[in-house]
Protein chains: 2
Amino acid sequence: MQNKGQRGTTTSPAFIWWLRWVRRGGPGERPGGSQEPGPRSPPPAPCYRRPKFLRGGGGGEESPRGRRAVRGTGPERPLPWDSGYAEVINAEKSEFNEDQATCCQISIRRRELGLEEDKEWLILCSTQFLTGYYWALFDGHGGPSAAVIASNYLHYCIKQKLEEVAGAITEARPPMHMSGRCVCDSDPQFVEEKHIRMEDMVVGALENAFQECDEVIGQEMEATGQTGGCTALAALYLQGKLYVANAGDSRAIVVLKDTIVPMSCEFTPETERQRLQHLAFLFPKLLDREFTRFEFPRRLKGDDVGQKVLYRDYFMEGWGYKLVEKADLKYPLVHGHGKQARLLGTLAVSRGLGDHQLKVIDTNIEVKPFLSCIPKVNIFDFALHDIKENDVLIMATDGLWDILCNKEVAHMARSFLAENRTDPHRFSELAKCLVRRARGKKMGHQWMLDDGREASYDDISVFVVPLHNRDEDC
Amino acid sequence: MQNKGQRGTTTSPAFIWWLRWVRRGGPGERPGGSQEPGPRSPPPAPCYRRPKFLRGGGGGEESPRGRRAVRGTGPERPLPWDSGYAEVINAEKSEFNEDQATCCQISIRRRELGLEEDKEWLILCSTQFLTGYYWALFDGHGGPSAAVIASNYLHYCIKQKLEEVAGAITEARPPMHMSGRCVCDSDPQFVEEKHIRMEDMVVGALENAFQECDEVIGQEMEATGQTGGCTALAALYLQGKLYVANAGDSRAIVVLKDTIVPMSCEFTPETERQRLQHLAFLFPKLLDREFTRFEFPRRLKGDDVGQKVLYRDYFMEGWGYKLVEKADLKYPLVHGHGKQARLLGTLAVSRGLGDHQLKVIDTNIEVKPFLSCIPKVNIFDFALHDIKENDVLIMATDGLWDILCNKEVAHMARSFLAENRTDPHRFSELAKCLVRRARGKKMGHQWMLDDGREASYDDISVFVVPLHNRDEDC
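Rules used throughout
Residues numbered from 1 in each chain as written. Chains lettered and ligands numbered in written order. Predicted model: local features only at pLDDT ≥ 70, side-chain atom pairs only at ≥ 80, totals over all residues. Heavy atoms only, no water. Helix = DSSP H or I, 4+ residues; strand = E, 2+ residues; numbered from the N terminus. Buried < 20%, exposed > 50% of the residue type's maximum accessible area, 1.4 Å probe, protein only. Contact = heavy atoms within 4.5 Å. Areas by Shrake-Rupley, 256 points an atom, 1.4 Å probe, with all protein chains shown as cover. Pairing = 2+ DSSP bridges. Polar contact = N/O pair within 3.5 Å; in protein donor to acceptor, adjacent residues only side chain to side chain. Axes fitted to C-alpha atoms, helices over the stretch in contact; angles between N-to-C directions. Parallel < 35°, antiparallel > 145°, perpendicular 65-115°, else oblique. Left-handed = near helix turned anticlockwise from the far one by under 90°. Nonpolar A, V, L, I, M, F, W, Y, C, P; charged D, E, K, R; others polar. pLDDT = per-residue confidence, 0-100. Salt bridge = Lys/Arg side-chain N within 4 Å of Asp/Glu carboxyl O. Phe/Tyr/Trp six-rings, centres within 6.5 Å; stacked < 30°, edge-to-face > 60°. Lys NZ or Arg CZ within 6 Å of the ring centre and 35° of its normal. Expected span 1.5 Å × (residues − 1). Arc of directions from axis to C-beta.

The name that an unreviewed UniProt entry assigns to chain A is Protein phosphatase, Mg2+/Mn2+ dependent 1M, with the source organism given as Cairina moschata.

J.: Would you mind showing me how to read the overall build of chain A here?
T.: Scanning chain A for helices and strands turns up eight helices and 20 strands. Looking at chain A as a whole, 59% of its 474 residues are labelled buried. A separation threshold of at least 6 residues defines the contact pool for chain A, and within that pool the share at least 24 residues apart is 71%. Surface accessibility of chain A: about 19400 Å² in total, with carbon and sulfur atoms responsible for 50%.

J.: In this structure, what is going on with unusual backbone geometry? I would like to understand it.
T.: Most peptide bonds are trans, and most residues other than glycine sit at a negative phi. Residues and elements named next belong to chain B. Within the chain, W81 stands out as a residue other than glycine whose phi angle is a positive 60°. Summarising the element assignment, W81 is placed in the loop between β1 (71–72) and β2 (84–88). The residue Q239 is not glycine, and still its phi comes out positive at about 50°. Residue placement: Q239 occurs in the loop between β5 (229–238) and β6 (241–247).

J.: Please clarify how the pairing of strand β3 (residues 99–108) of chain B should be interpreted in this entry.
T.: Walk down a regular strand and you will see the side chains alternate between the two sheet faces. Residues and elements named next belong to chain B. Most of β3 sits inside the fold, with eight of its ten residues counted as buried. Inspection of the sheet shows β3 paired to strand β4 (residues 130–141) by ten bridges, in the antiparallel sense. Bridge pairing in β4 links I106 to G132.

J.: Got a minute to help me understand the environment of R251 of chain B in this structure?
T.: Residue and element names in this part refer to chain B. Position of R251 among the secondary structure elements: in strand β7 (residues 251–255). According to the relative accessible area criterion, R251 is buried, its value standing at 17%. Along the primary structure R251 and E295 are separated by 44 residues, whereas in three dimensions their C-alpha atoms are 26 Å apart. Those residues in contact with R251, other than ones at most four positions away along the chain, are L233, S264, E266, I394, M395, A396, W401 and N406. A polar atom in the side chain of R251 sits 2.9 Å from the side chain of E266. Side chain to side chain, R251 and N406 meet in a polar contact 2.6 Å long.

J.: Sorry if this is basic, but what is going on with the sheet that holds β2 of chain B here?
T.: Whether parallel or antiparallel, the strands of a sheet pair through hydrogen bonds between backbone atoms. Residue and element names in this part refer to chain B. Pairing is antiparallel across the open sheet formed by six strands, whose spatial order is β1-β2-β20-β17-β7-β8. Strand pairing shows two members of the sheet lacking a second neighbour, β1 and β8 (260–262), which therefore form its edges. For β2 and strand β20 (residues 460–466), the ladder comprises five bridges, and the chain directions are antiparallel. Residue pairing across strands places E87 opposite S461, the latter belonging to β20. Strands in contact with helix α7 (residues 406–419) are β7, β8 and β17 (392–396); relative to β7, the strand with the most contacts, it is inclined by about 45°.

J.: What is the right way to read the packing of helix α7 (residues 406–419) of chain A against helix α8 (residues 426–439) of chain A from this model?
T.: Two quantities define a packed helix pair, namely the angle between the axes and the distance from one axis to the other. All names here are of chain A. At a minimum axis distance of 10 Å, the contact between α7 and α8 shows a crossing angle of 140°. Taken together, the axes of α7 and α8 lie oblique to each other. Regarding α7 and α8, the two cross each other, and that crossing is right-handed. On α8, the residues touching V409, M412, A413, F416 and L417 of α7 are R426, F427, E429, L430, C433, L434 and R437. For the contact of α7 with α8, the residue count by class is nine nonpolar, no polar and three charged.

J.: I'm lost on the side chain of N246 of chain B in this one. Help?
T.: Residue and element names in this part refer to chain B. Within the secondary structure layout, N246 lies in strand β6. On the basis of relative accessible area, N246 is assigned to the buried category, the value being 1%. Within polar-contact distance, the side chain of N246 engages the backbone oxygen of C265 at 2.8 Å. Every residue in contact with N246, bar those within four places of it in the chain, is listed here: A232, L233, S264, C265, E266, F267, I374, P375 and K376.

J.: What is the right way to look at the confidence of the model for chain A in this model?
T.: Low-pLDDT stretches of the model should not have their predicted coordinates read in fine detail. Residue and element names in this part refer to chain A. Scored by pLDDT, chain A has a mean of 83; 78% of the residues are at 70 or more. In this model, residues 58–62 is a region of pLDDT below 50 whose contacts with residues beyond four sequence positions or in other chains number nine contacts. This stretch, residues 177–192, has a pLDDT under 50; its non-local contacts, to residues over four places away or in other chains, come to 36 contacts. Interface scoring of the predicted complex returns ipTM 0.85; its pTM is 0.87.

J.: Teacher, can you tell me more about the pairing of strand β2 (residues 84–88) of chain A here?
T.: All names here are of chain A. Most of β2 sits inside the fold, with five of its five residues counted as buried. With burial as the criterion, each face of β2 is covered, one bearing G84, A86 and V88 and the other bearing Y85 and E87. Bridge count between strand β1 (residues 71–72) and β2: two bridges; the pairing is antiparallel. Residue pairing across strands places R71 opposite E87, the latter belonging to β2.

J.: Would you explain the pattern of salt bridges in this entry?
T.: For side chains bearing opposite charge, pairing can occur when the charged atoms are close. Under the defined criterion, the tally for this structure stands at 54 salt bridges over all chains. Here D214 of chain B ties to K368 of chain B by a salt bridge, and the two come within 3.0 Å at their closest N and O atoms. Of this pair, D214 of chain B sits in helix α4 (residues 198–224) while K368 of chain B is found in the loop between β15 (353–354) and β16 (376–381), placing the two residues 154 residues apart along the sequence. In this structure, D214 of chain B and K368 of chain B share a single accessibility class: buried. Note that K388 of chain B is salt-bridged to D386 of chain B, the shortest N-O span being 2.8 Å. When salt bridges that share partners are traced, they join R197, E199, D200 and K241 of chain A into one network.

J.: Help me out: how do you make sense of the environment of L130 of chain A in this one?
T.: Tracing the sequence through the fold places L130 of chain A in strand β4 (residues 130–141). Linking L130 of chain A and L162 of chain A, residues 32 residues apart in sequence, is a C-alpha distance of 9.8 Å.

J.: Mind showing me how you'd approach the sheet that holds strand β17 (residues 392–396) of chain A here?
T.: Residues and elements named next belong to chain A. Spatially, the six strands line up as an open sheet ordered β1-β2-β20-β17-β7-β8, and their pairing is antiparallel. At either end of the open sheet lies a strand with only one pairing partner, and these are β1 and β8 (260–262). Bridge analysis of strand β7 (residues 251–255) against β8 gives three bridges, and the strand direction is antiparallel. Considered in β8, the bridge of I253 is made with P262. Contacting β7, β8 and β17, α7 crosses the sheet at an angle of about 45° to β7.

J.: It is not clear to me how the packing of aromatic side chains should be interpreted in this structure. Could you clarify?
T.: A ring pair, where both rings are aromatic, is described by two values, the distance of the centres and the angle of the planes. All names here are of chain A. For the structure on display, the rule yields 30 aromatic pairs over all chains. A ring pair is formed by W81 and W135, whose centres lie 5.1 Å apart and whose planes are at 70°; its orientation type is edge-to-face. Of this pair, W81 sits in the loop between β1 and β2 while W135 sits in strand β4, and the two are 54 residues apart along the sequence. Given a relative accessible area of 0%, W135 falls into the buried group. Within the aromatic cluster, the residues linked to one another by ring pairs are W81, Y133, W135, Y237, F380 and F382. Sitting above the plane of the F294 ring, R293 keeps its charged end 4.9 Å from the centroid.

J.: How should α7 of chain A be read in this particular structure?
T.: An α-helical turn contains 3.6 residues, so any two residues separated by three or four positions project in the same direction. Compared with the 20 Å implied by 1.5 Å per residue over 14 residues, the 20 Å span of α7 of chain A between its first and last C-alpha is a close match. Where α7 of chain A is buried, its residues meet β7, β8, β17, α6 (398–401) and α8 of chain A.

J.: Would you take a moment to explain the side chain of T73 of chain B for this structure?
T.: Residue position: T73 of chain B is located in the loop between β1 and β2. Among residues more than four places away in sequence, those in contact with T73 of chain B are F53, L54, L79, S83, G84, Y85, S428 and K432 of chain B.

J.: Before we go on, may I ask you to explain helix α5 (residues 273–282) of chain A in this structure?
T.: Taken residue by residue, α5 of chain A has R273, L276, Q277, L279 and A280 of chain A as its buried positions. For α5 of chain A, the angular spread of buried residues about the axis comes to 155°, placing them on one side. For α5 of chain A, the elements touching its buried residues are β13 (334–335) and β14 (342–343) of chain A together with α5 (273–282) of chain B.

J.: Before we go on, may I ask you to explain the environment of V244 of chain B in this structure?
T.: All names here are of chain B. Among the structural elements, V244 can be located in strand β6. Sequence spacing of V244 and F296 is 52 residues, and the spatial spacing of their C-alpha atoms is 34 Å. Aside from chain neighbours lying at most four places away, what touches V244 is L233, A234, A235, A252, M263, K376, V377, N378 and L393.

Take a look at the structure:
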């Protein structure tokens with residue numbers, strides 16, 4: 001349930017031990033856990049970088065490391081829709097806060113594909129623009145750099161990709177209009193009716209934007225000699241629909257009066273096992289003879305050779321038996337369970353941005369070919385729901401969800417908002433309340449929950465977005 | 001809704017036209033639809049091969065081509081659980097009936113992996129064996145050979161794979177028992193708890209059995225100079241659970257008193273577009289410069305070059321715009337919609353068995369790398385349902401589902417069984433009734449439904465399996 005030092009590129013101790021064992025050519029002394037190497041020295045950066053919309057707020061700028069003060073939005077800088085935001089830094093798991101957040105309005109003008117940016121600006125509606133609203137969380141690993149770049153840049157990529165398809169979103173008969181038309185009268189098969197809808201264009205724009213942002217991060221990091229990666233969870237409201245795009249292990253849920261609507265799913269080495277194994281099957285060189293693509297119920301050891309073991313290959317959802325061969329003793333491509341699961345013994349997520357330079361420690365094996373920067377996009381259509389005053393979208397990094405499940409978060413949101421009907425800053429207060437709950441209280445050197453379990457030692461970031469008073473579209 | 005001459009390897013006329021157009025080096029006369037070439041001459045085979053359990057029945061062996069008589073199981077040869085089966089041959093779409101069916105009991109003995117078959121037979125229970133029940137449908141294309149081999153062989157593969165894991169299914173502590181155990185006291189990470197259940201072993205056995213059957217078909221077809229492929233839908237009952245494994249576009253549903261439980265999903269070029277495009281992205285040579293991996297809303301033509309078109313790449317669930325380049329005029333890897341959708345202009349399904357030699361007409365492009373022989377397995381757990389007297393599993397090839405939707409089939413099943421409570425052959429009668437409905441009646445040269453729509457011209461095969469009186473497990 002908690003994840004001290006076990007996330008991101010914090011290579012798993014079992015894997016480091018295995019690697020040394022192999023490098024030495026076989027069995028030998030295993031170093032104690034305390035001899036585990038520290039993280040690589042990071043590039044110079046401020047220790048605690050807060051999102052733009054928090055800077056200059058009442059909380060002051062002093063380093064809050066020791067006491068892990070919860071920072072949140074206050075009345076002096078309201079966010080769109082009166083959204084609330086709160087965060088807390090990790091318990092010295094890393095030198096930095098690795099979470100980053102962005103929230104802004106996005107103005108979308110129509111831009112022609114292939115034309116210079118300044119050649120064609122068309123006024124699309126009375127307020128000149130289509131207006132979107134954007135909230136995003138980024139959870140960095142191997143340093144904060146990728147998360148910082150993504151938090152500064154992803155919304156520009158989204159804006160640009162939306163402007164390229166603005167015609168399809170707003171016009172009745174956009175170029176190659178979506179109802180199809182007959183291009184070859186003698187063959188009706190040349191007409192295709194794909195039922196492409198406006199929201200399919202927005203989904204495509206988000207998918208392309210994540211890919212472009214990933215490229216930018218790669219270039220920027222290479223140019224500045226920085227390393228690392230981040231997860232990305234972005235919510236975009238546009239024309240009556242909320243689009244939630246997720247790559248990584250953050251999570252968004254919509255909490256309605258009577259139901260919870262999950263708006264994302266997590267992408268980890270475990271949830272994407274078959275994709276990762278399939279790639280290793282297609283390109284065995286990616287494993288450089290150091291890893292096995294098979295999954296086993298536990299690590300195998302020398303005297304398992306010749307025995308019968310349970311295993312899964314890329315095409316299997318079920319399990320089978322195989323006889324253990326020597327090659328099966330290699331470290332598994334996907335290994336570990338839950339928060340301990342690792343891709344190539346190295347990374348706890350299978351999708352995200354950055355990590356272009358990441359190699360498996362002491363090898364030439366690149367992790368990036370196995371990573372995907374493409375988000376899965378889920379759509380919440382306001383027209384299909386009778387939105388009540390206390391209905392909210394809750395977005396948070398894994399620091400929150402490691403401690404609290406969807407039901408607990410929804411329960412807290414419903415009771416808090418029911419008890420605080422008049423407070424104008426109640427969504428911000430709810431965000432703080434959620435962060436505080438997952439962080440727990442310091443007891444000696446430990447962070448503990450009220451029920452005696454360990455609390456989260458990770459960065460925790462939470463948006464609470466009220467759905468009732470959304471601004472009308474232009 | 002119907003599919004005359006548009007299924008299996010019947011290459012699409014639009015594609016053949018395009019190919020000739022390209023071969024001639026550009027635009028020219030397009031031959032009329034009537035000049036479309038006939039299918040390749042098939043290997044010699046009997047015109048109408050009925051499943052073993054139908055042979056020698058009351059229906060006689062005369063060729064029923066013209067009138068498409070519905071054949072079904074009768075009282076003289078009861079199937080396990082009193083299952084009903086019925087079939088009709090296609091309306092001269094092919095020279096053969098391309099559907100095949102198998103139904104049998106499977107006796108599973110424990111076999112040690114890697115040991116000779118006769119070295120170890122253990123008695124597992126009082127009746128010596130674990131008993132499973134098996135129903136399967138195969139829908140051939142490019143000739144009946146693959147379907148015939150699969151109908152003779154898949155249950156042997158399943159039996160063999162189940163025998164290899166029989167220990168895990170029946171023993172309290174099977175080899176590498178599934179609750180995990182600590183193999184390295186100093187590192188708790190060496191224990192993995194994967195929560196592997198008995199049913200995961202059965203699913204793995206089914207996945208492996210389909211793969212093995214596909215290899216056998218490949219060898220057999222190569223040895224005998226035959227070609228073709230088939231879909232496979234197999235249901236296995238074992239120890240209180242019904243496993244439905246599907247590769248292709250057949251379908252199984254469980255019809256309960258108040259609900260319908262879908263037990264399979266279809267694998268077609270459309271439903272597997274992203275997998276197919278991704279493979280073409282990873283291995284562009286598979287397309288040999290003849291196809292484009294992009295999807296467009298319609299076929300592009302010369303004067304689209306330089307225009308803006310909607311497109312999707314492998315990573316996109318949404319759509320975007322791109323400027324048309326000359327390479328985009330190539331034939332799309334996945335093209336067409338619904339029953340017209342084709343992989344490489346050639347095949348209407350994306351999973352199945354066989355097709356090892358299949359090439360795109362007049363090219364060296366192989367289709368097999370894009371095909372998957374792996375089924376998706378769905379489980380129906382009898383313990384979670386209060387099974388009523390009229391509850392049934394209905395399995396059918398696409399000939400039925402092209403005409404009737406799940407709801408219509410469920411409605412027919414419920415009313416027929418409610419009105420025929422005492423007929424001992426009512427499940428067989430229901431199967432015939434479903435086949436008759438989808439086949440329709442001959443009006444002049446056409447097969448028509450009662451409501452004036454065209455009926456199915458395809459082979460139609462249906463199993464109706466009652467769930468209430470299943471034999472007790474051994």
